[in-house]
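Tertiary structure, described
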Amino acid sequence: MRSSPLPRMSRRGRVTIGVLIGVFVLFTLLGWGVNAWTDWLWFDEVRYTQVFTGVLATRLLLFLVIGLGMAAIIGGNLWLAHRLRPQLRPHSLEQAALERYRMLLSPRLGAWIALVSAVIGLFAGLSAQSRWGQWLLFRNGGSFGVKDPEFGVDVGFYVFQLPFWRYLLGVGFTAVVLSLLGALAVHYLFGGVRLQGVGDRMTNAARAHLSSLVAVFVLLKAIAYVLDRRAMLLEYNEGTKLYGAGYADVNALLPAKEILAYISVLVAIAIIVFSSAVMRNLVWPGISLALLGVSAVAIGGIYPWAVQTFEVKPSARDKEAPYIQRSIEATRAAYGLSGTKTTGYAANNLVPPANLATDTSVVSNVRLLDPQLVSETYTQLQQVRGFYDFGPKLDIDRYAVGGKTSDYVVGVREINYGELTQNNWINRHTVFTHGYGLVGAPANQVVCGGQPYFVSGFLGEKAQEACSSQTEQIPAQQPRIYYGERMEPNDYAIVGQSGDRNVEFDRPTSTGGEQYYTYSGEGGVKIGSFTRRLLYAIKEQESNFLLSEAVNDNSKLLYVRNPRDRVEKVAPFLTLDGDPYPAVVNGRVQWIVDGYTTAATYPYAERVNLQAETTDELTGRGTFQLARENINYIRNSVKATVDAYDGTVRLYQFDDTDPVLKAWNKAFGGDLVLPKSAIPPELAEHFRYPADLFKVQRNLLTKFHVTDPGDFYSGQDFWQVPNVPDAPDSGQKQPPYYLFTQFPGQEGPRFQLTSAVTPNGRQNLAALVSGSYVDGQPKLEVLELPDQTRISGPVQVHQQMTNNGEIRPQLNLLSSNQAQVQYGNLLSLPFADGMLYVEPVYVKSSNQDAYPLLQKVLLSYGDGGSYVVLANNLNDGIKQLVELGKRAGQGSPPTGGTNPPPNTGANPPPLTGALADAAGKVQSAIAEVKAAQASGDFERYGRALKALDEAMTAFQEAQAAVGTSSAPAPSGSPAPSASASPNR
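Along each chain, numbering runs from 1 in the same order as the chain's sequence is written. In keeping with the predicted nature of the model, local features appear solely for residues at pLDDT of at least 70, side-chain atom pairs appear and are counted solely at 80 or more, and the whole-chain, interface and lining totals rest on all residues. Neither water nor hydrogens contribute to the side-chain values; these are computed over all heavy atoms in the structure.

Some remarks on the overall build of the protein chain
Per the convention used, a helix needs a DSSP run of H or I reaching at least four residues, while a strand needs a run of E reaching at least two, with both numbered from the N terminus. Looking only at helices and strands, one finds 26 helices and 34 strands in the protein chain. Here's how the labels work: a residue is buried when its accessible area is under 20% of the maximum for its type, exposed when over 50%, partly exposed in between, all with a 1.4 Å probe on protein chains only. The 984 residues of the protein chain split such that 52% are buried. Should any heavy atoms of two residues lie within 4.5 Å, those residues are counted as being in contact. In the protein chain, of all internal contacts separated by at least 6 residues, the share reaching a separation of at least 24 is 68%. Every accessible area reported is derived by Shrake-Rupley at a probe size of 1.4 Å, with residue values counting cover from the shown protein chains alone. When the accessible surface of the protein chain is split by element, carbon and sulfur atoms take 55% of a total near 43800 Å².

Here you go:
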């Protein structure tokens, strides 16, 4: 029975669909064209057009080569399958059912094959163009000068070559599998392969074609086994809990993959020979494939499992020791830890020394201002207008003022567009175009009841406030901020006016008026012509580019105004630090952004997730969160700068030995990154150890400071990063902090990034890790305390200081009257073979527009609990600590907060009855508090404090019952108001 023809679409329907498709393609191409054109104009503005053309050309090249190659392979096999169709097909119900489809496809078979091939090629090309970075490194990568410990192959092969080879192998597998499926479908449709009927189910031509594709697949599998041998050095080893091949991998799996590669070649040959040349059937090829599968399971799976289970596990410490050593050495090399200097620090002095009061290298530089807390203070005291903002966190830098170098808390006064009274298009994009001034204050000084002492960034010509410097101590010749961290992607500015009238709001004047300004910098894309205005009207979907009189022949458009976004667009191959910071360099405000080169294929190196490793309390509060990127190699190779006035971007080479940066620089012409010798000395003075790199290195050092394989396997000496001291239950890690100070073994004060670490599972202090620059080179140092040290860690110290019997009532008093106590950075400072802890205490009123003020300073020396004071300022606190130390040397017990009452020499009467029992319970509770403190068990310490509080309450009740309020309290007992949790 003849089948009915398929219904045909009407001419009007075909025209409608054609028009819709045309409109879709037109708008897609228009959007792509507008974005490409405006991107070119932006790159031309910043003079980095080689990045635009290089990336675009590479993307197009990969799209065309991979897309056309995939389409050719698929289309060629489909055409060949049709070409090899049998001329005569036996009659059967199956063939009769297929006849209808053959009649539909045959007249336009070439068009159908071209369409299928084009669609597959399109998706393959789109996937390939995203691999532009891998291709550029493959093309331009060189040698690391370091060989892997197993094959002796240069690490450059793993970083530059292996990723792209594996991608090409994946493309090959995809092409062969799709070709096999497509050819099988065509052969079946045109009778080359049958499921019913007598005789052979497959013609000789179809058998030869399909078996050849299977053979190619098996040959690709052989290549995959060869690459897998190299990739084994990158995989996770469950036996060692490290990355890289272990004992079973090297001695069982590695030879197994080599054997399987040879077997795969033999199977491919067998498939071709037996299916096409000799027997011309699929029995022996099928047996060959089955043997390959069995071999893969037995040789590649069961045998390595047996070696791991019966040979490695019973003596894993010894068997895996050489491979653990490989991982330790590779990780330390890949993350820049090899040159870490570890110094022992006895920390055996538990009594405050007298020279604390006269020290000039540590105590005088103690930072009291917390850049996170005082941001509100800066905003309230230095904004003048409600639309100015400093962001949720300020930055730390150092300046030489009056011949003395010290650290300063600095912030840039930017526009907060959300606070504009009339937030319309004209105000947002043509009037309020920029901020004004870099505001700075010494980090170790407060005035006027706890305020920062502002020394720069004043809106007027001269500071009028009594609590500020009367002159600019950090002068900026061009203080206007057109590019800043507070800028969102849609915060573009249109500058450049016609005539003499200035329309950009600049700053308020001292007389209460307003000063206006017209931008005169080199930055910005000219949009004076109608074509440019139309172009950006389409891009921003904003008709005012064409209609508004604010846009004229002299207008320029400033966009991509966030310095981090700006550097990321110029150097898309860099991973950028989450905390850019401003600095005044040669009279101009420059944003400094640290750029990292990374890789994920360094053999035997530990793999980490950048987002997880760098997230802490400050992430998202003025610090950008990094992407979820898995890496096992990182270098701070680039220091980038963005001029806050004209947006000029410069990339400076900082690590001139990094092969990855050299490859990227070569890929973009060789002059994309300026050499290290081109860094201005005035700029280099403001370089600081980057925070995100330090976090990664610090976290790795908690394990990889152990270099002995046996000790590493046991894990007994591992450390951990403590939680935030004043909120330990939050689960957030304590951020590292910048200090200008001198540690033991250092020749003088340095600007360094510091973090405390504690033993794994305990709260006492294990070491201090610091990162700094010495003669322009990064230097990591570890100050390691002895095992079982009595020195408390940050969480313990905060609890001990805030729960001290004499200090707790004072803190409670500060938080009364609807005020809130906030704790600043808890600083750990090694001094005179002991440990000095300093924690500023801020008070913020609950009144509207209130801001935190530094009211007190908590200090502790020694083990964290014996010598604790709460002082009005740092100098008073140091004096009190020294006095406590002197009394301890005279045999008097230390006490916290205030001086102890004088000893009258009279012996108190003995206690009897219930009062004696209550006193005994107090003494037992005190003993438990001391034992819990020494053990480092925070939970036990909290329970002990609670029990002590209850015992003291019972003792007071017993005193009242016997009517003797003058009965002496048990010796050594703190005030009954102590509690186990701090007041934040």
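Next, the rest of the story.
Points about the sheet that holds strand 16 (residues 525-526)
Strands were regarded as paired on the criterion that DSSP finds at least two bridges between them. Ordered in space as 13-17-16, the 3 strands form an open sheet in which the pairing is antiparallel. Whereas interior strands pair on both sides, the edge strands pair on one side only; in this sheet they are strand 13 (493-495) and strand 16.

Regarding the packing of aromatic side chains
The aromatic pairing rule takes the rings of Phe, Tyr and Trp, using the six-membered ring of Trp, and pairs them if the centres are within 6.5 Å, calling planes under 30 degrees apart stacked, those over 60 edge-to-face and the rest tilted. Within this structure, the stated rule accounts for 41 aromatic pairs. Between Phe144 and Phe160, the ring centres sit 5.7 Å apart and the planes meet at 45°, which makes this aromatic pair tilted. One end of the pair, Phe144, is in the loop between helix 5 (132-140) and helix 6 (155-189); the other, Phe160, is in helix 6, and 16 residues separate them in sequence. Its relative accessible area of 15% is what places Phe144 among the buried residues.

Considering the confidence of the model for the protein chain
For any part of a model where pLDDT is low, the fine detail of the predicted coordinates should not be relied upon. In predicted models, pLDDT denotes the confidence assigned by the predictor to each residue on a 0 to 100 scale. Per-residue confidence for the protein chain averages 86 on the pLDDT scale, and 86% of its residues sit at or above 70. Confidence over residues 1-6 falls short of pLDDT 50; this stretch has 5 contacts with residues more than four positions distant or in other chains. The model gives residues 964-969 a pLDDT under 50, and that stretch makes 12 contacts with residues more than four places away or in other chains.

Things to note about unusual backbone geometry
At Cys448, a position not held by glycine, the phi torsion is positive, near 50°. Summarising the element assignment, Cys448 is placed in the loop between strand 10 (446-447) and strand 11 (451-452). The backbone phi angle of Asp833 is positive, close to 60°, even though this residue is not glycine.

Examining the packing of helix 11 (residues 321-334) against helix 20 (residues 691-704)
Angle between the axes and distance between the axes: these two values describe a pair of packed helices. In this analysis, axes come from line fits to C-alpha atoms, helices being fitted only over the stretch in contact, and the angle between any two N-to-C directions falls in the range 0 to 180 degrees. For the pair helix 11 and helix 20, interaxial distance at closest approach is 11 Å and the crossing angle is 160°. Considered as vectors, helix 11 and helix 20 are oriented roughly antiparallel to each other. The two elements helix 11 and helix 20 meet at a crossing, and its hand is left-handed. Contacts between helix 11 and helix 20 involve Ser327, Ile328, Thr331 and Arg332 from the former and Leu700, Leu701 and Phe704 from the latter. Classifying every residue of the contact of helix 11 with helix 20 by side-chain character gives 4 nonpolar, 2 polar and 1 charged. Put simply, angles under 35 degrees are roughly parallel, angles over 145 are roughly antiparallel, angles from 65 to 115 are roughly perpendicular, and the rest are oblique. Working rule for handedness: look at the near helix, and if it is turned counterclockwise from the far one by less than a right angle, call the crossing left-handed; if clockwise, right-handed. In this count, Pro and Cys sit with the nonpolar residues alongside Ala, Val, Leu, Ile, Met, Phe, Trp and Tyr, while Asp, Glu, Lys and Arg are called charged and the others, Gly among them, polar.

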